[in-house]
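Listed below are the residues making up each chain.
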Amino acid sequence: MANQSVDIITKVLEHSAKLVEEKVDAQLSKLNEMDEDDLERLKEKRLEALKKAQKQKQEWLSKGHGEYREISSEKDFFSEVKDSKNVVCHFYKNSTFRCKILDKHLALLAKKHVETKFIKLNVEKAPFLTERLRIKVIPTLALLLDGKTKDYVVGFSDLGNTDEFSTEMLEWRLGCADVINYSGNLMEPPTMTQRSGTKFTKVEKKTIRGGGYDSDSDSEDD
């Protein structure tokens, strides 16, 4: 029985290897059939794509992408959101320890994902906005696409319910909301240490818990 299973697995692997080999041979054959004009056109097409990507990156950088920045007012929030397609805004309080944890991860992701704007706003300076978005728990990340709040990350419940979550875990969560260009597997978090029973607080537009501010930290630092 064991030998039969090995034979089946061997045949499957041989078949898979043959398919890959045939695909590579077809691609090589296509390249060999190209003349100099074809290769030159391919080169020009790739160069044009690189130039376009570089131009887009420079445009993002000119709008404040590529760094994690603090904005000072609600007025700034609306102008920043209007100016960029993808925005992650951290609503924080100085006295909440977990906000400082998020700061560290967001600073790293801002440099990696230039396609997205990463900003932070002190809730004490934005009473109208936090009431409008009905933000209660601090920290909260508002994830915006085309000027509309698509999703929220409330506290650390979506990040494994631990202060020790990785930057990759937060990156995956933002990828689930399509607010960054995520290249990993969205069907599975990048860590298996995530506690069971974790639920997303995925909310459309402006529907999230109301009331005052509750800290998601076990304790607050002065």
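Residues numbered from 1 in each chain as written. Predicted model: local features only at pLDDT ≥ 70, side-chain atom pairs only at ≥ 80, totals over all residues. Heavy atoms only, no water.

Looking at an unreviewed UniProt entry, one finds the protein named Thioredoxin domain-containing protein 9, with Sander lucioperca as its source organism. In the Subunit (unreviewed entry) part of its UniProt record, the protein is described as follows: "Forms ternary complexes with the chaperonin TCP1 complex, spanning the cylindrical chaperonin cavity and contacting at least 2 subunits." (UniProt positions renumbered as here; feature names shortened; annotations may be inferred.)

S.K.: Sorry, what's going on with the overall build of the protein here?
M.R.: Helix and strand content of the protein: six helices and seven strands. Each helix and strand of the protein, ordered N terminal to C terminal, gives the series α-α-β-α-β-α-β-α-β-β-β-α-β. Taking all 222 residues of the protein together, the buried fraction comes to 36%. Excluding contacts between residues fewer than 6 apart, the proportion of contacts in the protein whose partners are at least 24 apart in sequence is 73%. Just so you have it, the protein exposes about 14,000 Å², and 52% of that area is on carbon and sulfur atoms. (Helix = DSSP H or I, 4+ residues; strand = E, 2+ residues; numbered from the N terminus. Buried < 20%, exposed > 50% of the residue type's maximum accessible area, 1.4 Å probe, protein only. Contact = heavy atoms within 4.5 Å. Areas by Shrake-Rupley, 256 points an atom, 1.4 Å probe, with all protein chains shown as cover.)

S.K.: Sorry if this is basic, but what is going on with the packing of helix α4 (residues 97-112) against helix α6 (residues 167-176) here?
M.R.: Helix-helix packing is characterised by the crossing angle of the two axes and by the distance between the axes. The N-to-C vectors of α4 and α6 enclose an angle of 65 degrees; their axes lie 10 Å apart at closest approach. Between α4 and α6, the interaxial angle falls into the category roughly perpendicular. Relative to α6, α4 is oriented so that their crossing is right-handed. Residues L102, H105, L106, L108, L109 and K112 of α4 lie in contact with α6, whose contacting residues are T167, L170, E171 and L174. Looking at the contact of α4 with α6 residue by residue, the class counts come to six nonpolar, two polar and two charged. (Axes fitted to C-alpha atoms, helices over the stretch in contact; angles between N-to-C directions. Parallel < 35°, antiparallel > 145°, perpendicular 65-115°, else oblique. Left-handed = near helix turned anticlockwise from the far one by under 90°. Nonpolar A, V, L, I, M, F, W, Y, C, P; charged D, E, K, R; others polar.)

S.K.: What exactly am I supposed to notice about the pairing of strand β6 (residues 148-154) here?
M.R.: Residues in a regular strand project their side chains so that they alternate between the two faces of the sheet. Judged by how many residues are buried, β6 sits mostly within the fold: five of seven residues are covered. Judged from the six bridges that link them, strand β5 (residues 140-145) and β6 form a sheet pairing that is antiparallel. What sits directly across from A142, in β6, is Y152. If you look at the hairpin formed by β5 and β6, you'll find two residues sitting between the two strands, and D146 has a positive phi there, around 55 degrees. (Pairing = 2+ DSSP bridges.)

S.K.: What is the right way to read a negative patch on the surface from this model?
M.R.: A cluster of acidic residues, D35, E36, D37, E40 and E44, forms a negative patch at the surface. Here E44 lies in helix α2 (residues 36-62). (Patch = residues over 30% accessible without salt bridge, like charges linked within 9 Å, V, L, I, M, F, W, Y side chains within 5 Å. Salt bridge = Lys/Arg side-chain N within 4 Å of Asp/Glu carboxyl O. Lys, Arg positive; Asp, Glu negative; His and termini not counted. Charge placed at Lys NZ, Arg CZ, Asp CG, Glu CD.)

S.K.: Would you mind going over the side chain of D103 with me for this structure?
M.R.: Tracing the chain through its elements places D103 in helix α4. Not counting residues up to four positions away in its chain, the partners in contact with D103 are Y68, H90 and K120.

S.K.: Help me understand the nonpolar core in this model?
M.R.: Nonpolar side chains in soluble globular proteins tend to end up buried together. One finds F118, L141, L170 and L174 to be the most contacted residues of the largest nonpolar core, which totals 23 residues. Elements that contribute at least two residues to this core include exactly α4, β5 and α6. Counting residues in hydrophobic clusters, the runner-up holds 21 residues, among them I71, Y92, L144 and Y152. (Core = buried A, V, L, I, M, F, W, Y, C linked by side-chain atoms within 4.5 Å.)

S.K.: For this particular structure, what's the right way to read the pairing of strand β3 (residues 117-122)?
M.R.: Where burial is concerned, most of β3 is hidden: six out of the six residues are buried. Here β3 shows a buried face lined by K117, I119 and L121 and a second buried face lined by F118, K120 and N122. As judged from the six bridges shared by strand β2 (residues 86-92) and β3, these two strands associate in the parallel manner. Bridge pairing links Y92 to N122 in β3. Regarding topology, α4 serves as the crossover connection from β2 to the parallel β3, and that connection is right-handed. (Right-handed = clockwise from strand over helix to strand, strands pointing away.)

S.K.: Please clarify how unusual backbone geometry should be interpreted in this entry.
M.R.: For residues besides glycine, phi is generally negative; the peptide bonds are generally trans as well. A cis amide bond links I138 to the next residue, P139, at an omega of 5 degrees. In this structure, P139 sits in the loop between β4 (137-138) and β5. Despite not being glycine, D178 shows a phi value in the positive range, around 60 degrees. Looking at the secondary structure, you find D178 in the loop between α6 and β7 (214-215). Given the relative accessible area of 47%, D178 is considered partly exposed.

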